[in-house]
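Observations on chain architecture
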Amino acid sequence: MIKSYKDLEIYQLSYELALEIHQLTFNFPRSELYELGSQLRRAVMSIPLNIAEGYGLKSYQNAFRKHLMIAIGSCNEAMVLLDMTRDLGYLDKEKHQNYTEQYDKLGRKIYKLIQTWK
């Protein structure tokens, strides 16, 4: 039974991924810490934040869905930024593929929740 946003699988996944990506960005070149690194951190943190905020509005079905859609948008943003980090040589291909797959899976799980939430 779901008693809190913390019980949602999508929250748990997004939170753990955000922590990993946050730490990863501190390995970027110094010149990117406040550019690409900051943008990537904001994108990945936006996902669990929107899930939590939307869950707080769950009695307003459209409000929760709106926040979940924003979370999907942030997943997409994170994947583009991960592509950039790979192409700039800050992230190896294996890690890039792993993170991209995880964000793609997360986006699909969020979309499924949007479709089934009552």
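Here, the structure is the one placed above.
Quantities reported herein were computed from a predicted structural model and do not represent experimental measurements. (Residues numbered from 1 in each chain as written. Predicted model: local features only at pLDDT ≥ 70, side-chain atom pairs only at ≥ 80, totals over all residues. Heavy atoms only, no water.)

Moving on to the environment of alanine 43. Within the secondary structure layout, alanine 43 lies in helix H2 (residues 36–56). Using a relative accessible area of 2% as the deciding quantity, one classes alanine 43 as buried. Sequence separation between alanine 43 and leucine 88 is 45 residues; the distance between their C-alpha atoms is 18 Å. Here alanine 43 is in contact with Ser74, Glu77, Ala78 and Leu81, once residues within four sequence places are set aside. (Helix = DSSP H or I, 4+ residues; strand = E, 2+ residues; numbered from the N terminus. Buried < 20%, exposed > 50% of the residue type's maximum accessible area, 1.4 Å probe, protein only. Contact = heavy atoms within 4.5 Å.)

On to the environment of proline 48, then. Along the polypeptide, proline 48 turns up in helix H2. Judged by its relative accessible area of 6%, proline 48 falls in the buried class. As a C-alpha pair, proline 48 and isoleucine 110 span 62 residues in sequence and 11 Å in three-dimensional space. Not counting chain neighbours up to four residues away, the residues in contact with proline 48 comprise Tyr11, Ser14, Tyr15 and Ala18.

Overall, the coordinates contain 4 salt bridges when judged by the stated rule. Across the pair arginine 86 and aspartate 83 runs a salt bridge, and its minimum N-O distance is 3.9 Å. With a gap of 3 residues between them, arginine 86 and aspartate 83 both fall in helix H3 (residues 61–87), about one helical turn apart. Residue aspartate 83 is classed as partly exposed on the basis of its relative accessible area of 29%. Between aspartate 104 and arginine 108 there is a salt bridge, with its nearest N and O atoms 3.1 Å apart. Residue aspartate 104 and its partner arginine 108 are located together in helix H4 (residues 93–116), separated by 4 residues, close to a single helical turn. The exposure class of aspartate 104 is partly exposed, given its relative accessible area of 34%. Arginine 108 sits in the exposed class, given a relative accessible area of 51%. (Salt bridge = Lys/Arg side-chain N within 4 Å of Asp/Glu carboxyl O.)

Looking now at the nonpolar core. Membership of the largest hydrophobic core comes to 32 residues, with the highest contact counts inside it found for Ile51, Tyr103 and Ile110. Where this core is concerned, the elements lending two or more residues are helix H1 (9–25), H2, H3 and H4. Considering each element in turn, this core owes the most residues, 9 residues, to H3. For tyrosine 103, the contacting residues outside a window of four places in its chain are Leu17, Ala18, Ile21, Val44, Ile47, Cys75, Ala78, Met79 and Leu82. (Core = buried A, V, L, I, M, F, W, Y, C linked by side-chain atoms within 4.5 Å.)

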